[in-house]
Amino acid sequence: MSSHVVTLVVFSALVSTVFATLLRDELRSRVRFGLWAFGCFVLSTLVLGWLMNPFPS
Amino acid sequence: MSDSHVRAGAADPARALPACLFAWLVPGAGHLYLGRRSKGLVFLGAIGALFLLGVAMDSRLQLYLGFEDPLALLFSLAQMAMGLPYFAARALGYEAGQVTSVTYEYGNTFTAVAGLLNILVVLDALDTARGLKR
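Because the structure is a prediction, the values reported are computed rather than measured. (Residues numbered from 1 in each chain as written. Chains lettered and ligands numbered in written order. Predicted model: local features only at pLDDT ≥ 70, side-chain atom pairs only at ≥ 80, totals over all residues.)

**Here we look at the overall build of chain B**
Line of reasoning, step 1. Regarding its fold elements, chain B presents seven helices and zero strands.
Line of reasoning, step 2. Going from the N terminus to the C terminus, chain B shows its helices and strands as α-α-α-α-α-α-α.
Line of reasoning, step 3. Counting only C-alpha atoms and orienting by the principal axes, one finds that chain B spans roughly 55 × 30 × 25 Å.
Line of reasoning, step 4. Burial analysis of chain B (134 residues in total) assigns 43% to the buried set.
Line of reasoning, step 5. Intrachain contacts of chain B at a sequence separation of at least 6 include 74% that bridge at least 24 residues. (Helix = DSSP H or I, 4+ residues; strand = E, 2+ residues; numbered from the N terminus. Buried ≥ 20, exposed ≤ 12 C-beta atoms within 10 Å, placed from the backbone. Contact = placed C-beta atoms within 7 Å.)

**A few points about the interface of chain A and chain B**
Line of reasoning, step 1. On the side of chain B, 18 residues touch chain A, which itself brings 12 residues to the contact.
Line of reasoning, step 2. Across the side of chain A that touches chain B, the residue classes tally to seven nonpolar, four polar and one charged. (Nonpolar A, V, L, I, M, F, W, Y, C, P; charged D, E, K, R; others polar.)

**Comments concerning the confidence of the model for chain B**
Line of reasoning, step 1. Across chain B, pLDDT averages 91, with 93% of residues at or above 70.
Line of reasoning, step 2. Considering only residues more than four positions removed or in separate chains, one finds that residues 1-6 of chain B, a stretch of pLDDT under 50, has two contacts. (pLDDT = per-residue confidence, 0-100.)

**What to know about unusual backbone geometry**
Line of reasoning, step 1. You will see that Asp58 of chain B, though not glycine, has its phi angle at about 70°, which is positive.
Line of reasoning, step 2. Structurally, Asp58 of chain B can be placed in the loop between helix H4 (37-56) and helix H5 (70-80).

**Looking at the nonpolar core**
Line of reasoning, step 1. Of all hydrophobic cores here, the largest spans 40 residues; its most connected members are Val18 of chain A together with Ala23, Ile47, Leu50, Phe110 and Ala114 of chain B.
Line of reasoning, step 2. Those elements giving two or more residues to this core turn out to be helix H1 (4-23) of chain A together with helix H2 (16-25), helix H3 (29-33), H4, helix H6 (84-91) and helix H7 (104-129) of chain B.
Line of reasoning, step 3. If you tally residues by element for this core, the top one is H7 of chain B, at 10 residues.
Line of reasoning, step 4. The contacts of Ala114 of chain B, once residues within four sequence positions are left out, are Ile47, Leu50, Phe51, Gly54 and Met82 of chain B. (Core = buried A, V, L, I, M, F, W, Y, C linked by C-beta atoms within 7 Å.)

**As for H5 of chain B**
Residue and element names in this part refer to chain B.
Line of reasoning, step 1. Taken together, the buried positions of H5 are Ser76, Ala78 and Gln79. Down the axis, H5 shows its buried residues gathered within 160° of arc, on one side only.
Line of reasoning, step 2. Structurally, H5 contributes buried residues whose contacts are with H6 and H7. (Arc of directions from axis to C-beta.)

**Quick notes on the packing of H5 of chain B against H7 of chain B**
All names here are of chain B.
Line of reasoning, step 1. Where H5 contacts H7, the axes come no closer than 6 Å and their chain directions differ by 65°. In this structure, H5 crosses over H7, and the sense of that crossing is left-handed. Contacts between H5 and H7 involve Phe75, Ala78, Gln79 and Met80 from the first element and Thr111, Ala112, Gly115 and Leu116 from the second.
Line of reasoning, step 2. Counted by class, the contact of H5 with H7 contains five nonpolar, three polar and no charged residues. (Axes fitted to C-alpha atoms, helices over the stretch in contact; angles between N-to-C directions. Left-handed = near helix turned anticlockwise from the far one by under 90°.)

**What to know about the packing of H4 of chain B against H7 of chain B**
All names here are of chain B.
Line of reasoning, step 1. With their axes 7 Å apart at the nearest point, H4 and H7 run at an angle of 155° to one another. The orientation of H4 relative to H7 falls into the category roughly antiparallel. In this structure, H4 meets H7 at a crossing whose hand is left-handed. Along the contact surface, H4 presents Phe43, Ile47, Leu50, Phe51, Leu53, Gly54 and Val55, while H7 presents Gly107, Phe110, Thr111, Val113, Ala114, Leu117, Asn118 and Val121.
Line of reasoning, step 2. Considered class by class, the residues forming the contact of H4 with H7 number 11 nonpolar, four polar and no charged. (Parallel < 35°, antiparallel > 145°, perpendicular 65-115°, else oblique.)

Below, the structure is given as structure tokens:
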């Protein structure tokens, strides 16, 4: 798994699944929360990566 | 809010300690022990996959319990929170990792986050056994 994006998606999906199962009791709200958390993970990473682009190490 | 409003399930305090112990040893085992089969299987699958992927990505699993490097100590404690899979992986010879691997840092993140999530799962098992959660 050497692709950054694939790693990001897999990590976000697994962590979102655990958070949704921990924080919501009903299946419907679990799915909604899990999708929301997954989107936040992926989107915030892309935004942060884009913001850091002008500052190479 | 009164305590009766907080309680969400049948309390079984006698099972709290074994549930926490099982939850630490194997992710999800505490919930399986308490009869929460679907939650237990989700935790086992998701956290187990995180840890296994981390090991496959050449994560370092070396034990560090010194105070000279506090971050290394916290990292090691986070990984140890995975319970048996962590010690099994070490026993199978995966403790050194491979620092030159492209995925080394990703692997470290996966294994440490898996352990940290397992701490939340242990606390959830405790709340479930105490009747505070379903």
